[in-house]
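# Structure assessment
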Amino acid sequence: QPAGELELLALRALCMQHARPLLHNYIWQKEAFELTPSTSNPQPWAKTYGQKQQARRKASAEATVPDAGPAAQGSSTGSHQGPACLWGSLCWGENVEDEWFVVHLLLEMTKRISGLTARVWDNDGEFLLIEAAYALPKWLKPESAANRVWLREGQLHIVPLPSSKHPSLPSVPTTLQALQIVASDSVPTASPKAHAAIAARLEGYPGKALQAGCHRSKAILPSSLAAVLKASPQLVSSAVDAFYFRDGDDMKAAARMRHFPPSKPRTKMLVTTNRCQYAQLAQQPFAPPRGWRLPPPDHPDLPPAERGLKITAGFEILMARSDRVPKAPAASVPESQQNGQACANGDASCSSLGDTSGAAGAGITTEAQLQSLPTWAPYRASLERLGYFQGELPGSSKYKELMAAAINDFVAGPGVA
């Protein structure tokens, strides 16, 4: 495992250390915010680009040097992929606040972590430039914005064009060139006017995002589902999404309620959703399946019962979809992966969500259990070099809390694979 990967794992732990307090109880619309080292799992867009480039090189090699062999075909490298990094992708669906919450998190990370630089874009391209359109230099157009917009030290930075003052600047910077320019003190890249427009959009964050992303309401659910949501509140997003975008086959599954029949015991609990999900549940009528009784119209438990019915229907749809997917042969799917997949699909029989029994790293909770791993020492050294432990003394409660989070990140990543 290359040292660069361990350094990225340590950097991820440091980034999540700053993000985790803000993410507590926040419910994402479709999927949670994650950071992944590109050394162990390359960015999907880099993979696609690399495959296209490799196909072009292969076609060219076959056309010009038919007997040259694999060496002539080349491989996918170059400025498009850039240096090793942490990356993430997020589908925010109908809740645009997720996208802007990510921007806030990245700004906070770059402000608190010295030397950290980030970039963010969406399907529309450089959406930060769209937000700051009236504060941009006239030369900056969508076609000239590639690798020019960055976040560093909590500010928006724009890589300028070559000029008489800086004639050596590249006209079309690569990722690595842009990073070097932004990090350099010789070329001013901070854009206060454009950043002011972004700051205005983020006014009230993180409180505004947490208020919108943490709406608690009562729901009456099957006891098994209540246990699942208590263990992993984010799973409600999958259920709401499945219910809201249900099709004919989904409706049939929800009408049968094979996995969560009305005979199962139910309990009332507080369910955390975001406001968008709450509205999605509220605005769609749903007739209860046969045998599923709701309280009378004037009963105070009617809204929690209806809300719980819709969430239960969402989980039933997820289970039915899972049943329709062809199963891999049992011998080729480890039990630990089967457990994880079942829980991810909302299996109410899971007693421990995300159980990794039998997987590498299962049951590791202390540093002593990691001492024999050759990757642990350099990983911890990277943490200390980045200032992860904040000067806390070993044995203090804060140090133990930080160490537990670092161990969890290490075990969850490729460090123990």
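Reference entry: report on the structure contained in this document.

About the thresholds
- Residues numbered from 1 in each chain as written.
- Predicted model: local features only at pLDDT ≥ 70, side-chain atom pairs only at ≥ 80, totals over all residues.
- Heavy atoms only, no water.
- Pairing = 2+ DSSP bridges.
- Helix = DSSP H or I, 4+ residues; strand = E, 2+ residues; numbered from the N terminus.
- Contact = heavy atoms within 4.5 Å.
- Axes fitted to C-alpha atoms, helices over the stretch in contact; angles between N-to-C directions.
- Parallel < 35°, antiparallel > 145°, perpendicular 65-115°, else oblique.
- Left-handed = near helix turned anticlockwise from the far one by under 90°.
- Nonpolar A, V, L, I, M, F, W, Y, C, P; charged D, E, K, R; others polar.
- Phe/Tyr/Trp six-rings, centres within 6.5 Å; stacked < 30°, edge-to-face > 60°.
- Buried < 20%, exposed > 50% of the residue type's maximum accessible area, 1.4 Å probe, protein only.

The strands that make up a sheet are held in pairs by hydrogen bonds between backbone atoms, and each pair lies either parallel or antiparallel. Taken together, the 3 strands give an open sheet; going across it, the order is S3-S4-S5, and neighbouring strands pair in antiparallel fashion. Because the sheet does not close on itself, it has two edges, and the strands there are strand S3 (117–118) and strand S5 (155–158). With 2 bridges connecting them, S3 and strand S4 (residues 149–152) associate as antiparallel partners. The residue bridging alanine 118 from the neighbouring strand is leucine 151, located in S4. Across the sheet, helix H5 (residues 175–183) lies against S3, S4 and S5, angled at about 45° from S4, the strand it touches most.

A few words on the packing of helix H14 (residues 376–385) against helix H15 (residues 397–412). Two numbers describe a pair of packed helices, the interaxial angle and the distance between the axes. One can describe the packing of H14 onto H15 by two numbers: an axis separation of 12 Å at closest approach and a directional angle of 130°. One element, H14, and the other, H15, form an angle in the oblique class. Viewed along their axes, H14 and H15 form a crossing whose handedness is right-handed. From H14, Trp376, Tyr379, Arg380 and Leu383 reach across to H15, where they touch Tyr399, Met403, Ala406, Ile407, Asp409 and Phe410. Its residues placed into classes, the contact of H14 with H15 shows 8 nonpolar, no polar and 2 charged.

Turning next to the packing of aromatic side chains. Using the criterion set out here, one finds 12 aromatic pairs in the structure. Look at tryptophan 100 and phenylalanine 127: their rings are 5.3 Å apart centre to centre, the planes differ by 90°, and that puts the pair in the edge-to-face class. A residue pair is termed long-range when its members are at least 10 positions apart, and tryptophan 100 in helix H3 (residues 97–112) and phenylalanine 127 in helix H4 (residues 127–131) qualify at 27 residues. Summarising the aromatic geometry, the rings of phenylalanine 243 and phenylalanine 286 are spaced 5.4 Å apart at their centres and angled 85° between planes, so their arrangement reads as edge-to-face. Of the two residues, phenylalanine 243 is situated in helix H9 (residues 236–244) and phenylalanine 286 in the loop between helix H11 (275–283) and helix H12 (302–324); the sequence distance between them amounts to 43 residues.

Relative orientation of the contacting elements H3 and helix H6 (residues 192–201) amounts to 125°, with a least axis distance of 11 Å. Relative to H6, the element H3 is oriented oblique. Between H3 and H6 lies a crossing of left-handed hand. Across from Glu97, Trp100, Val103 and Leu107 in H3, the residues of H6 making contact are His195, Ile198 and Arg201. Looking at side-chain class alone, the contact of H3 with H6 contains 4 nonpolar, 1 polar and 2 charged residues.

We now examine unusual backbone geometry. Backbone torsion omega between tyrosine 205 and proline 206 reads 5°, so that peptide bond is classified as cis. Here proline 206 lies in the loop between H6 and helix H7 (207–212). Phi at asparagine 25 takes a positive value of approximately 70°, unusual for a residue other than glycine. Inspection of the secondary structure assignment puts asparagine 25 in the loop between helix H1 (3–23) and strand S1 (36–37). Residue asparagine 25 is classed as partly exposed on the basis of its relative accessible area, which comes to 43%. Despite not being glycine, methionine 257 has its phi angle at roughly 50°, a positive value. In this fold, methionine 257 is placed in the loop between helix H10 (248–256) and strand S7 (266–273). Judged by its relative accessible area of 2%, methionine 257 is buried.

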